[in-house]
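Listed below are the residues making up each chain.
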Amino acid sequence: MDAISNAPYAARVLGSLLAILLVNRFAAPLYLSVMAGATLLFFWVGHDPDVFFPFAVERLVTPGYLFLLAAIFQIIILSNQMLKAGVMKELAATVKSIVPHRVSLALLPAIIGILPMPGGALFSAPLVEEIDNDTAIDPEVKARINYWFRHIWEYWWPLYPGMLLAVEISGLSMPVFILIMFPLTLFSVLGGYLFILRGVPVTKSSVKIPGNNQISLFRLMAPFMLIVGLYAIVSVALPKLAGYSRYLPVMIGVTAAQIYIQVSWPLDMAGWRGVLLNGRPGILIVTVACILVYGVLIEAPLPDGTLLVARMKDELVDCGIPIVLAIGIIPFVSGLTTGIALGFVGASFPIVMSMAGNGGAGVLASVVLAYGCGYIGMMLSPVHICLVVTNEYFKTRIGTVLLHLIRPLAVVLAGTTLIYLLLKTAIS
């Protein structure tokens, strides 16, 4: 028992993640699996049992988390509205008439991924399903396609909060950060093609859409363009509003998209009852709430006032782990446990930058290594919201989907390592 109670903090964190996967493997709903992992970690790191419930409730009722839950709920409703109105089916058919089947499966999640909305994979999942309207592709393959290509921009696209925070903490200029991180998108596309997409038939659809396909595509993409455009405008023109909650610009854009769809593809009262009374939003909101509790627990101070990530860093140093490995391991574990770029950057980058050296290409190399490894951890995280909603939609098991992501993520790791070595060589 002493060995368990005194286990390294990294082992405790990984043990809680393993508990989530095991509980989910034995058919428990995901929200119960996440709560089981959170409860295990809460007690294992030494928190008082009497404060677990107050701790969870207190964190969830903060304005930031309430806005996040509201934004996700609104996105789910918009997704249901687009499905009910036939927009998803029409968009999928139009894209299939323009590009090959294989390309369309990856293209639509990638387009949706331009907008950093929480749980945005729920938008693209119905599109992937509509592209495969003859159900020829295994649901697990569709889940991997949707999840993977949704995130290919997150290394450098300046709408993503995690990227912006990394720029702020690292002290790099935006153009420099984009320049050094953009190649990882190419490695991500390569890994996705080789190990996820290559087995999908490449044949072009025989579907013919009357009229001008380009005009139809523009009309169908207008809701997403509204969201992206209003997100950018509100963030720049109304910084105080955006500062109140980073989810407000997304919510304003989603509201505009909902109005546009209702005008262009109107639903009657019966249709709206089907949208609003769909049982899936409630389950997803409960699941996301459990994930938020777990994420806050990772970032919260331990009973002695220290941070969990800082304790893991001390353990690595005490074990004689080289600095370069620590710079990769700390963001990786942070990404694995938080499941979000903003989480792994905020938790690990202050520590990483303290180990990165004295500026120049040394900092550039450390930033690439840290962000690339954090991204890999985030993509393998069972508490990643996009992974959760993708698996809920396609009715697949998280553990199985994650297992098949190891090879494409190995390509990302190879790219990260290559860029790191090239930058380090530049200062030798």
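This is a predicted model, so every value here is computed, not measured.

Rules of the game
- Residues numbered from 1 in each chain as written.
- Predicted model: local features only at pLDDT ≥ 70, side-chain atom pairs only at ≥ 80, totals over all residues.
- Heavy atoms only, no water.
- Helix = DSSP H or I, 4+ residues; strand = E, 2+ residues; numbered from the N terminus.
- Rg over C-alpha atoms; globule rule 2.2 N^0.38 Å.
- Contact = heavy atoms within 4.5 Å.
- Lys, Arg positive; Asp, Glu negative; His and termini not counted.
- Charge placed at Lys NZ, Arg CZ, Asp CG, Glu CD.
- Axes fitted to C-alpha atoms, helices over the stretch in contact; angles between N-to-C directions.
- Parallel < 35°, antiparallel > 145°, perpendicular 65-115°, else oblique.
- Nonpolar A, V, L, I, M, F, W, Y, C, P; charged D, E, K, R; others polar.
- Expected span 1.5 Å × (residues − 1).
- Buried < 20%, exposed > 50% of the residue type's maximum accessible area, 1.4 Å probe, protein only.
- Salt bridge = Lys/Arg side-chain N within 4 Å of Asp/Glu carboxyl O.
- Polar contact = N/O pair within 3.5 Å; in protein donor to acceptor, adjacent residues only side chain to side chain.
- 1 Å grid on protein atoms, 1.4 Å probe; cavity = no way out; pocket = protein on both sides within 12 Å on 5 of 7 lines; lining within 4 Å.
- Points joined across faces, edges and corners; volume = space filled by probe spheres on them.
- Phe/Tyr/Trp six-rings, centres within 6.5 Å; stacked < 30°, edge-to-face > 60°.
- Lys NZ or Arg CZ within 6 Å of the ring centre and 35° of its normal.

(A) Seen up close, the overall build of the protein. Helix and strand counts for the protein stand at 23 helices and zero strands. The globule rule puts the C-alpha radius of gyration for 428 residues at 22 Å, and the 22 Å found for the protein is close to it. In terms of principal-axis extent, the alpha carbons of the protein reach across some 65 × 55 × 45 Å. For the protein, restricting intrachain contacts to residue pairs at least 6 apart in sequence, the fraction spanning at least 24 positions comes to 79%. Within the protein, one finds 24 positive and 20 negative side-chain charges whose respective centroids are separated by 11 Å.

(B) The arrangement of the packing of helix H2 (residues 9–25) against helix H17 (residues 308–318) in detail. For the pair H2 and H17, interaxial distance at closest approach is 8 Å and the crossing angle is 125°. It follows from the interaxial angle that H2 and H17 lie oblique. Residue-level contacts link Tyr9, Ala10 and Val13 of H2 to Leu308, Arg311, Met312 and Glu315 of H17. Taken together, the residues that form the contact of H2 with H17 break down as five nonpolar, no polar and two charged.

(C) Structural context of H2. Under the 1.5 Å per step criterion, the end-to-end length of H2 is 24 Å for 17 residues, consistent within 8% with the ideal 24 Å. Restricting attention to buried positions, one finds in H2 the residues Tyr9, Arg12, Val13, Gly15, Ser16, Leu17, Ala19, Ile20 and Asn24.

(D) Highlighting the environment of Pro350. Tracing the sequence through the fold places Pro350 in helix H19 (residues 341–355). Under the relative-accessibility criterion, Pro350 is labelled partly exposed at 44%. If sequence neighbours within four positions are ignored, Pro350 has contacts with Ile169 and Val345.

(E) Fine view of the pattern of salt bridges. Per the stated rule, a full pass over the model turns up four salt bridges. Note that Arg219 is salt-bridged to Glu90, the shortest N-O span being 3.4 Å. A residue pair is termed long-range when its members are at least 10 positions apart, and Arg219 in helix H12 (residues 213–237) and Glu90 in helix H6 (residues 87–98) qualify at 129 residues. For Arg219, a relative accessible area of 33% corresponds to the partly exposed category. You can call Glu90 partly exposed: its relative accessible area is 30%.

(F) Focus on the side chain of Thr337. For Thr337, the position within the fold is in helix H18 (residues 323–338). Classification of Thr337 as buried rests on a relative accessible area of 2%. Of the polar contacts made by the side chain of Thr337, one reaches the backbone oxygen of Val333; its length is 2.9 Å. Aside from chain neighbours lying at most four places away, what touches Thr337 is Val13, Leu17, Tyr294, Ile298 and Val383.

(G) Structural context of the layout of surface pockets. Reported here for the second largest pocket is a volume of approximately 290 Å³. Around the second largest pocket, the lining is made up of 14 residues, and of these Gly328, Phe332, Cys373, Ile376 and Leu413 lie nearest the centre. Among the secondary structure elements, those contributing two or more residues to the lining of the second largest pocket are H18, helix H20 (361–379) and helix H23 (406–426). Looking at the lining of the second largest pocket residue by residue, the classes come out as 13 nonpolar, one polar and no charged.

(H) Expanded view of the packing of aromatic side chains. All told, the structure shown has ten aromatic pairs when counted by the stated rule. Ring centres of Trp156 and Phe182 lie 5.3 Å apart, and the angle between their planes is 75°; this geometry places the pair in the edge-to-face category. With a gap of 26 residues between them, Trp156 in the loop between helix H9 (139–149) and helix H10 (161–170) and Phe182 in helix H11 (residues 174–197) connect regions that are remote in the sequence. Given a relative accessible area of 34%, Phe182 falls into the partly exposed group. Members of the aromatic cluster, connected to one another through ring pairs, are Trp153, Trp156, Trp157 and Phe182. Above the face of the Tyr9 ring, Arg12 is positioned so that its terminal group lies 4.2 Å from the ring centre.

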